[in-house]
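An overview of the molecular structure
Here are the chains, one letter per residue:
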Amino acid sequence: MKVAHLVTSFIEDGGPGDELVDLAAASDSTGVEPVVVVLGSSGDRWEVMRLRGLGVPVVELGLAPWDPRAVRRTARVLREHGVELVHTHRRHADVVGGLATRLGRGPALPLVSTLYKIENLPTNPAERLRRTATILMRRRMAARTVAISHLQRERYRRFSGTDRGLVIVPNGLADPGLLSADERARVRRTRGVADDGILAVSAAPMRRGQGQDLLLDAVAAVPPSIPLTVVLLGDGPLRPWLVSRVESDEVLASRVHFEPRPPHDPAREVIGAADMFLHTSRSAALPTELIRALALGVPTVASHVGGIPEIVTRGTGLLVPLDADPIADAVVRLASDPTLRARLAKGARGHFLANFEARGWAMRLRGVYDEVLARVPPEPVSRPVGSGPATLPPTFFDTPR
């Protein structure tokens, strides 16, 4: 089965990137032959080199956004590669793909579209009109729409009035494998973490909405009796402000360290050596950073928003409200209870293998493709579908401890 993945570029915020590479690497076991069509130009991007190294054809059209030539050029590429189904990623690709699959003498190629964001209510008439047009276009052109979380599906159903053709397939991740005891000890030692110390890591992009301000407030509120070291990984427009705040606070300066994260570096070692992973985003569909923490067997303290409760369950971590004091309380609870950390670490690893490992993800998508090619009619459902809870679990603050 030849499937073309149509993307605008590999630099879109929240769009396909490393995930598409992991999916392609897992496709050899599913009988899917992927082709990647990039509407723009990616140059020497890591994703392009890695995909080609896996034997995946990558066709770059080199066009500006909304260039009218994109539809015919995409249709030609689909014909040349003998594509049987098109999978689009993000709105621009949805439009181009939907039109390109209908060019030609034969019947239209089937199309699958993935949602990447949890939509909010439109704030003005123009936004409502754009949202309505996007939903109507997707319902008309896509045989299936893939939601990556249950909350995303529920939100989309509320906007569109139906969930016909909507399926839930959470994104996956290639298994990074657990760190050995020697690797873990080396990583912690190089960061000055004592034998009885607690290492916490956060890897969210340093931009608005990711909650690093809450995280720093919480770290400052952790009692000095907790030997806590916090590593903030990565970069972003807010990094200078975050660095300045840490440097101006004696408590934070003694606990918080910044480390760069080169592009496409999964930070396996530092996350895998941590006692806990911290993620305090104010909104999220299905953060890859949290899935990676699961894969590495690291318990998590995470905000109870978006699709995060589908990653962080009672068996894998602690869900907290968007408030610094509860976040600090959760950090203290995990830091003070090694038995709890060990139990959650084991649960995290098991949850990853069962629900987010890339080969399972690839097989679930293959099932969607098979249904579409067999022209199985989409049916609405009355409750969330897929492998996940029908309702969001409570935070650990809502239940007796």
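To be clear, the structure that these remarks concern was listed above.
Overview of the structure. Just so we're clear, the structure is a prediction, and the values are computed from it rather than from any experiment.

Focus on the overall build of the chain
- Helix and strand counts for the chain stand at 15 helices and 13 strands.
- Out of the 401 residues in the chain, the part that is buried amounts to 53%.
- Taking as baseline every contact in the chain between residues at least 6 positions apart, the subset at least 24 positions apart corresponds to 73%.
- Carbon and sulfur atoms make up 52% of the accessible area of the chain, which totals about 17,900 Å².

Let's talk about the sheet that holds strand S8 (residues 198-202)
- If you trace the six strands from one edge of the open sheet to the other, you get S10-S9-S8-S11-S12-S13, paired in parallel fashion. Because the sheet does not close on itself, it has two edges, and the strands there are strand S10 (256-259) and strand S13 (317-320). Looking at each pair of strands side by side, their axes are set apart by 25° on average, direction ignored.
- Examined bridge by bridge, S8 and strand S9 (residues 228-233) share five bridges and lie parallel to one another. Of the residues in S9, the one forming a bridge with Ala 200 is Val 230.
- Of the strands in this sheet, S8, S9, strand S11 (276-279), strand S12 (300-303) and S13 touch helix H13 (residues 324-336), which is tilted by about 165° from S13.

With respect to the nonpolar core
- Counting residues in hydrophobic clusters, the biggest one holds 35 residues, and the most contacted among them are Val 201, Leu 233, Ile 271, Phe 277, Ile 308 and Ile 311.
- If you list the elements that add at least two residues to this core, you get S8, S9, helix H11 (268-272), helix H12 (288-295) and helix H14 (338-355).
- Looking at this core element by element, the count peaks at five residues for H12.
- When sequence neighbours within four positions are dropped, the list of residues in contact with Phe 277 reads Val 201, Ser 202, Ala 203, Ile 271, Glu 289, Leu 290, Ala 293, Val 298, Pro 299, Thr 300 and Val 301.

Side note on the sheet that holds strand S2 (residues 33-38)
- Ordered by their spatial adjacency, seven strands build an open sheet running S3-S2-S1-S4-S5-S6-S7, and the pairing between neighbours is parallel. Each edge of the open sheet is held by one strand with a lone partner, namely strand S3 (58-60) and strand S7 (166-168). Across the sheet, the mean angle separating the axes of adjacent strands is 25° when strand polarity is ignored.
- In this structure, strand S4 (residues 85-89) lies alongside strand S5 (residues 111-114), joined through four bridges in parallel fashion. For His 89, the partnering residue across the bridge sits in S5 and is Thr 114.
- Of the strands in this sheet, strand S1 (2-7), S4 and S5 touch helix H4 (residues 91-100), which is tilted by about 160° from S4.
- On the sheet, helix H6 (residues 150-160) packs against strand S6 (144-147) and S7 and is oriented at approximately 165° with respect to S7.

Considerations on unusual backbone geometry
- Its identity is not glycine, yet Ala 267 carries a phi of approximately 55°, on the positive side.
- With respect to the helices and strands, the residue Ala 267 is situated in the loop between S10 and H11.
- Positive phi values are uncommon outside glycine, yet Arg 375 reaches one of about 60°.

Topic: the packing of helix H8 (residues 212-221) against H13
- Between H8 and H13, whose axes approach to 8 Å, the crossing angle comes to 55°. One element, H8, and the other, H13, form an angle in the oblique class. For the element pair H8 and H13, the recorded crossing hand is right-handed. Along the contact surface, H8 presents Leu 214, Asp 217, Ala 218 and Ala 221, while H13 presents Ala 324, Ile 327 and Ala 328.
- Its residues assigned to classes, the contact of H8 with H13 shows six nonpolar, no polar and one charged.

Parameters and conventions
- Residues numbered from 1 in each chain as written.
- Predicted model: local features only at pLDDT ≥ 70, side-chain atom pairs only at ≥ 80, totals over all residues.
- Heavy atoms only, no water.
- Helix = DSSP H or I, 4+ residues; strand = E, 2+ residues; numbered from the N terminus.
- Buried < 20%, exposed > 50% of the residue type's maximum accessible area, 1.4 Å probe, protein only.
- Contact = heavy atoms within 4.5 Å.
- Areas by Shrake-Rupley, 256 points an atom, 1.4 Å probe, with all protein chains shown as cover.
- Pairing = 2+ DSSP bridges.
- Axes fitted to C-alpha atoms, helices over the stretch in contact; angles between N-to-C directions.
- Core = buried A, V, L, I, M, F, W, Y, C linked by side-chain atoms within 4.5 Å.
- Parallel < 35°, antiparallel > 145°, perpendicular 65-115°, else oblique.
- Left-handed = near helix turned anticlockwise from the far one by under 90°.
- Nonpolar A, V, L, I, M, F, W, Y, C, P; charged D, E, K, R; others polar.

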